[in-house]
Structure formats: C-alpha cells, structure tokens
Amino acid sequence: MIFEQLEVGWYRTFAYLIADEAAGKAALVDPSAELERVAFEVSRRFLKLEYVFNTHSHTDHTGGNTYFKKFGAKVVAHESAPTHPDLTVRHGDILKVGAISVSVLHTPGHRFDSICLIAGGNLYTGDTLYLGSCGRTDLPGGDSAAMHHTLMTIIRPLPDGLEVMPGHNYATVSHRALGEEKRLNPALAPRSLQEFRAFVAAP
Ligand SMILES: [Zn+2]
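Remember, predicted model here, so these are calculated numbers, not experimental data. (Residues numbered from 1 in each chain as written. Predicted model: local features only at pLDDT ≥ 70, side-chain atom pairs only at ≥ 80, totals over all residues. Heavy atoms only, no water.)

(A) Structural detail: the packing of aromatic side chains. All told, the structure shown has eight aromatic pairs when counted by the stated rule. On the numbers, 4.9 Å between centres and 70° between planes, the contact of Tyr 16 with Tyr 124 is edge-to-face. Of this pair, Tyr 16 sits in strand β2 (residues 13–20) while Tyr 124 sits in strand β10 (residues 122–126), and the two are 108 residues apart along the sequence. Arranged with centres 6.0 Å apart and planes meeting at 40°, the rings of Phe 196 and Phe 199 form a pair that is tilted. Here the residue Phe 196 and the residue Phe 199 both occupy positions in helix α6 (residues 193–201), the gap between them amounting to three residues, near one helical turn. Phe 196 sits in the buried class, given a relative accessible area of 0%. An aromatic cluster of at least three residues, connected via ring pairs, comprises Phe 14, Tyr 16 and Tyr 124. For Arg 191, the ring lying beneath its charged end belongs to Phe 199, and the centroid distance is 4.1 Å. (Phe/Tyr/Trp six-rings, centres within 6.5 Å; stacked < 30°, edge-to-face > 60°. Helix = DSSP H or I, 4+ residues; strand = E, 2+ residues; numbered from the N terminus. Buried < 20%, exposed > 50% of the residue type's maximum accessible area, 1.4 Å probe, protein only. Lys NZ or Arg CZ within 6 Å of the ring centre and 35° of its normal.)

Written as structure tokens, this is what we have:
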C-alpha cells in the first residue's frame, strides 16, 4: 500500500497519493499544482488512477481536476460542492481504492463542502485541520459555528492513533498523530461556541 505526501505549488498545498500496488489502483487527494510531477508518481508505478478527491472546492485544492480527468479519473467531492464532480459523497460513505477503504466525513466550517477522509490509518483533513491550527472560517462558505461543531463532535472523538495529513505545509512537521493534535493544537481545545468564536477572531 502506498500513502505518499507531495507538497505542490505556491500555496504549499499537500497532494496525496493513496494506492494499492497489488491491485494497480490509485487515488489522489487535492492534486492542484505541479500536475506532471504528481502524475508521474502514478504512471511510474503503472497504476490506474480511479479517483481524485477534493477535500473542498477551493481552487488551490481542485486545480488538477480537469487534468486528471483525462487519465480517466473520477472527481469526487461532497454533494454540496458547486464544482460538478463526477461522483458526490456524503458523511459516512466509503469508497474502495483496490483493497483500501476511504471513509468520508463531512466537516463543514472552512467551507460548507469540506470533507475529511480516513484511509490506511491516515486522516486527510484538507483545510479543516492543520497541524497546530484550523482552517479559516471567514472566507465565503466558511462558518465558525460549523467549524466548532466539526472539531468538537467529529474530529475530537476520532482515535488518537490516526495520523493527521493536512491540506497545506504550514507547520514545522508535515504530519502528526491526532492524539498529539488534541494535546497541542489550540483549535482542538474543548471550548464553548462563544469561546471558539473569540479564538478564531483573535489575530
Ligand atoms: Zn481552502
């Protein structure tokens, strides 16, 4: 099984390769830039690209959609995404990449169509959760109350052993266990909604 992290583009976005080499099947999460380099990681292993997951509909995450559709990949996004994906998913859905199960969590807050994915012990968080912080809630489609609900009731209850794979390389390490994030990340500290709103509004 392959779980690879690739930093791409000006926004230090992380693209991710998820693949079952034995089955010859692959998926990408958020391939948005340096598309030839990302494609080479698939083609050099002779994998068939089945899915391109968008963790949400911001262009620094969806920039590879058109390019990778040419490889026959289906673009997968939450059912509320305005980007006309080939396949829409909702909370609790599971897609298969060979023998790898990819579970979908709907995690609105940074954007209404934000999803997180669990696959192979990894938690792909897009712009919902970074290492040491969370995504902005003040952009169009963002909602601090939804982010509070997502972090407290969806992300915090997940197992500590999951490895957080964020949407951008904004920290000193590129991935970290969720248990560590619960301990270190102020965005995941238990707070009331009122306290959380003050926290995200603080400069
Ligand atoms: Zn975003």
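That shown, we press on.
(B) Here's a closer look at the packing of helix α4 (residues 144–155) against α6. At a minimum axis separation of 10 Å, α4 and α6 run at an interaxial angle of 115°. The angle between α4 and α6 falls in the class roughly perpendicular. Every pair of crossing elements has a handedness; the one defined by α4 and α6 is right-handed. Between α4, through Ser 144, Ala 145, Met 147, His 148 and Leu 151, and α6, the contact on the second element is made entirely by Leu 193, Phe 196, Arg 197 and Val 200. In the contact of α4 with α6, the residues fall into six nonpolar, two polar and one charged. (Axes fitted to C-alpha atoms, helices over the stretch in contact; angles between N-to-C directions. Parallel < 35°, antiparallel > 145°, perpendicular 65-115°, else oblique. Left-handed = near helix turned anticlockwise from the far one by under 90°. Contact = heavy atoms within 4.5 Å. Nonpolar A, V, L, I, M, F, W, Y, C, P; charged D, E, K, R; others polar.)

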